[in-house]
Every structure is written in C-alpha cells, then in structure tokens.
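Overview (structure and organization)
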Amino acid sequence: MADSSFDIVSKVERQEVDNALNQAAKEISQRYDFRGVDASIAWSGERIEMRANAEERVNAVLDIFQSKLIKRGISLKALDAGEPQASGKEYKISASLKEGIGQDDAKKIAKVIRDEGPKGVKAQVQGDELRVSSKSRDHLQDIIALVKGKDFEFPVQFVNYR
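Below you will find a few notes about this structure. (Residues numbered from 1 in each chain as written. Predicted model: local features only at pLDDT ≥ 70, side-chain atom pairs only at ≥ 80, totals over all residues. Heavy atoms only, no water.)

Comments concerning the pattern of salt bridges
In this structure the tally under the stated criterion is 16 salt bridges. Measuring nitrogen to oxygen at the nearest pair gives 3.4 Å for the salt bridge that ties R57 to D33. Here the residue R57 occupies a position in helix α2 (residues 55-71), and D33 occupies one in the loop between α1 (14-30) and β2 (40-44), the gap between them amounting to 24 residues. D33 gets classed as partly exposed once you look at its relative accessible area, which sits at 33%. Among the ionic pairs, K108 bridges to D105, the shortest N-O distance being 3.8 Å. Of the two residues, K108 and D105 are both situated in helix α3 (residues 103-116); the distance of 3 residues between them amounts to about one turn of the helix. In this structure, a network of salt bridges that share partners links the residues E27, R31, D33, R57 and K68. (Salt bridge = Lys/Arg side-chain N within 4 Å of Asp/Glu carboxyl O. Helix = DSSP H or I, 4+ residues; strand = E, 2+ residues; numbered from the N terminus. Buried < 20%, exposed > 50% of the residue type's maximum accessible area, 1.4 Å probe, protein only.)

What follows is the structure in structure tokens.
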C-alpha cells in the first residue's frame with residue numbers, strides 16, 4: 001500500500017484580501033467619524049497603504065481592515081503591519097502579506113512532528129511547503145490535529161490530502 005500524504009502550506013487568498021480591503025475602504029468612506037480626516041486604504045504595489053491625518057485615525061483604519069480580514073476567514077498572522085509613521089501632515093501604516101513557510105519555520109514544524117507525533121510519519125521540506133507522509137491515514141489526522149493545536153507565528157493550511 002502506498003503512503004498517504006498532505007502538504008502544510010502558508011498561503012493567503014489574494015482575492016479575499018482584496019475584497020476585505022474594498023469593504024474596509026467603503027466603510028471608511030461612509031462612517032461619520034472618518035469625515036474630514038482624509039482616511040484611506042489602498043494597494044500600493046504589493047503592500048497595503050493606510051493613511052489618515054491623525055495617529056489614532058490611522059490605527060482605526062487598520063482595526064477596520066483587520067476586522068474585515070477576520071470576517072473573510074484570513075488569519076491576522078498573515079498580515080505584517082508596521083507602526084504608524086508621520087509623513088508631513090498625515091500618518092501612514094504600511095502592511096504586507098506573509099506567504100510561504102520559511103526554511104526555519106518548516107524545520108520547527110518538522111521537529112514538532114518528529115518529537116510529538118506518532119512514529120513512522122515523515123516530514124520533508126519542499127520549497128515553501130512541508131510534505132507529511134505516512135502509511136496510516138489515522139497518523140496523518142493526528143498530525144493535522146497536533147499542528148493545529150500549536151501556535152505558530154504564521155498561518156498554516158493543509159492541502160493535497162491523498
């Protein structure tokens with residue numbers, strides 16, 4: 001019998017982020033407390049730029065965007081937002097999306113699987129994802145539960161379950 005396997009990845013659905021950003025922009029344009037503060041949120045290349053004329057207002061823009069991401073099922077661990085920075089008369093926050101599992105993070109997950117998981121389970125790094133394989137599908141289910149139970153500083157998804 002062949003081994004069963006699945007991949008552990010860290011990906012963000014770009015369309016969902018775009019929808020969350022558009023919803024946040026619409027809410028900012030309609031809310032009364034954002035009248036006259038020149039608040040905005042938009043893509044700037046691969047980054048997300050949030051602007052307002054006061055530090056607390058730009059933090060409120062970030063808060064609205066984060067709530068829209070949560071409603072769309074995107075983990076906030078994927079959002080890497082900087083601190084508010086003064087730029088002339090306005091404040092800006094620049095945020096980016098983290099995708100892919102780095103080598104160090106993949107090694108951390110593999111170590112957790114080796115140390116705490118059932119015997120006979122193999123984990124190997126393949127680019128920016130981690131392939132986990134075993135003869136027993138029950139062991140793979142145990143590994144998924146184990147990895148979900150751990151709190152990594154990046155979001156994880158499980159794909160290609162065969």
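A short note on the packing of α1 against α2
As a packed pair, α1 and α2 sit with axes 9 Å apart at the nearest point and diverge in direction by 135°. Judged on the interaxial angle alone, α2 and α1 are oblique. Crossing geometry of α1 relative to α2 is assigned as right-handed. Each of V17, A20, L21, Q23, A24, E27 and I28 in α1 lies in contact with α2, whose residues at this interface are V61, I64, F65, K68 and L69. Taken together, the residues that form the contact of α1 with α2 break down as 9 nonpolar, 1 polar and 2 charged. (Axes fitted to C-alpha atoms, helices over the stretch in contact; angles between N-to-C directions. Parallel < 35°, antiparallel > 145°, perpendicular 65-115°, else oblique. Left-handed = near helix turned anticlockwise from the far one by under 90°. Contact = heavy atoms within 4.5 Å. Nonpolar A, V, L, I, M, F, W, Y, C, P; charged D, E, K, R; others polar.)

A few points about the side chain of S96
Tracing the chain through its elements places S96 in strand β6 (residues 90-97). Apart from residues no more than four positions distant in its own chain, S96 is found in contact with R47, A78, L79 and D80.

Some remarks on the nonpolar core
Within the largest apolar cluster, 24 residues are counted, with the highest numbers of intra-cluster contacts made by V17, F34, I41, I48, M50, F65 and L69. When residues of this core are traced back to their parent elements, those giving at least two are α1, β3 (47-52), α2 and β6. Ranked by residue count, the leading element in this core is α2, at 7 residues. Excluding residues within four positions of it along the chain, L69 makes contact with V17, A20, I74, L76 and L79. One finds A106, A110, V112 and F154 within the second-largest nonpolar core, a separate group that totals 18 residues. (Core = buried A, V, L, I, M, F, W, Y, C linked by side-chain atoms within 4.5 Å.)

Looking at the environment of E46
Position of E46 relative to the elements: it lies in the loop between β2 and β3. On the accessibility criterion, E46 (59% relative accessible area) is exposed. The spatial distance from the C-alpha of E46 to the C-alpha of A95 is 9.2 Å, given a sequence separation of 49 residues. There is a polar contact of 3.2 Å between the side chain of E46 and the side chain of R14. (Polar contact = N/O pair within 3.5 Å; in protein donor to acceptor, adjacent residues only side chain to side chain.)

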